[in-house]
Amino acid sequence: MPTCNKCNRRPVVFNRIYSGEVLCKSCFIHSIEKKTLHTISKYSMIHHGQRVAVGVSGGKDSLVLLYILKKFQKITIMILSQSQSMKELKATEMNLLP
Ligand SMILES: [Zn+2]
């Protein structure tokens, strides 16, 4: 069974075709968190203490973004989601400051 080319210990669960990386679950999660935080920092998208609106569709992309923002950023998050009728936009504020 092939092993992760970051840790060289655990089995591969993800193949990043453009870079040739093959990663285990733990290294994959770490790489996604690192890439997201790097992009936020590179483009100065969010600063500590800010109030940020996140559109959440319920799909994997928006839920992962919400998870990473909650885990690493000391910000107030305003979650924007559509109701099942798709006619109204709901807003829920999530205060993540300590
Ligand atoms: Zn690994």
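Residues numbered from 1 in each chain as written. Predicted model: local features only at pLDDT ≥ 70, side-chain atom pairs only at ≥ 80, totals over all residues.

Engineer: Could you give an account of the environment of V12, with specific residues and numbers?
Structural biologist: Positionally, V12 belongs in the segment before β1 (14–16). Classification of V12 by C-beta neighbours within 10 Å gives partly exposed; the count is 17. In this structure V12 touches P2, T3, C4, V22, L23 and C24, once residues within four positions along its chain are discounted. (Helix = DSSP H or I, 4+ residues; strand = E, 2+ residues; numbered from the N terminus. Buried ≥ 20, exposed ≤ 12 C-beta atoms within 10 Å, placed from the backbone. Contact = placed C-beta atoms within 7 Å.)

Engineer: With reference to specific residues and values, describe helix α1 (residues 25–42).
Structural biologist: A rise of 1.5 Å per residue sets the reference length of α1, with its 18 residues, at 26 Å; its end C-alpha atoms lie 26 Å apart and thus fit the reference within 8%. Phi turns positive one or two residues past the end of α1, at S44, with a value near 45 degrees. (Expected span 1.5 Å × (residues − 1).)

Engineer: Explain unusual backbone geometry to me, using residue names and the numbers behind them.
Structural biologist: Backbone phi values are negative for most residues with the exception of glycine, while trans is the configuration of most peptide bonds. In the Ramachandran plot, N8 falls in the positive-phi region, its phi being about 55 degrees despite a non-glycine side chain. Note that N8 resides in the segment before β1. According to the C-beta neighbour criterion, N8 is exposed, with 9 such atoms within 10 Å. Non-glycine residue S44 carries a positive phi angle of around 45 degrees.

Engineer: Quick rundown of the pairing of strand β3 (residues 51–55)? Include the residues and the values.
Structural biologist: Bridge analysis of β3 against strand β4 (residues 76–82) gives 5 bridges, and the strand direction is parallel. Each bridged residue has a counterpart across the sheet, and for G55 the counterpart in β4 is L80. Running through helix α2 (residues 60–72), the crossover from β3 to the neighbouring parallel element β4 is right-handed. (Pairing = 2+ DSSP bridges. Right-handed = clockwise from strand over helix to strand, strands pointing away.)

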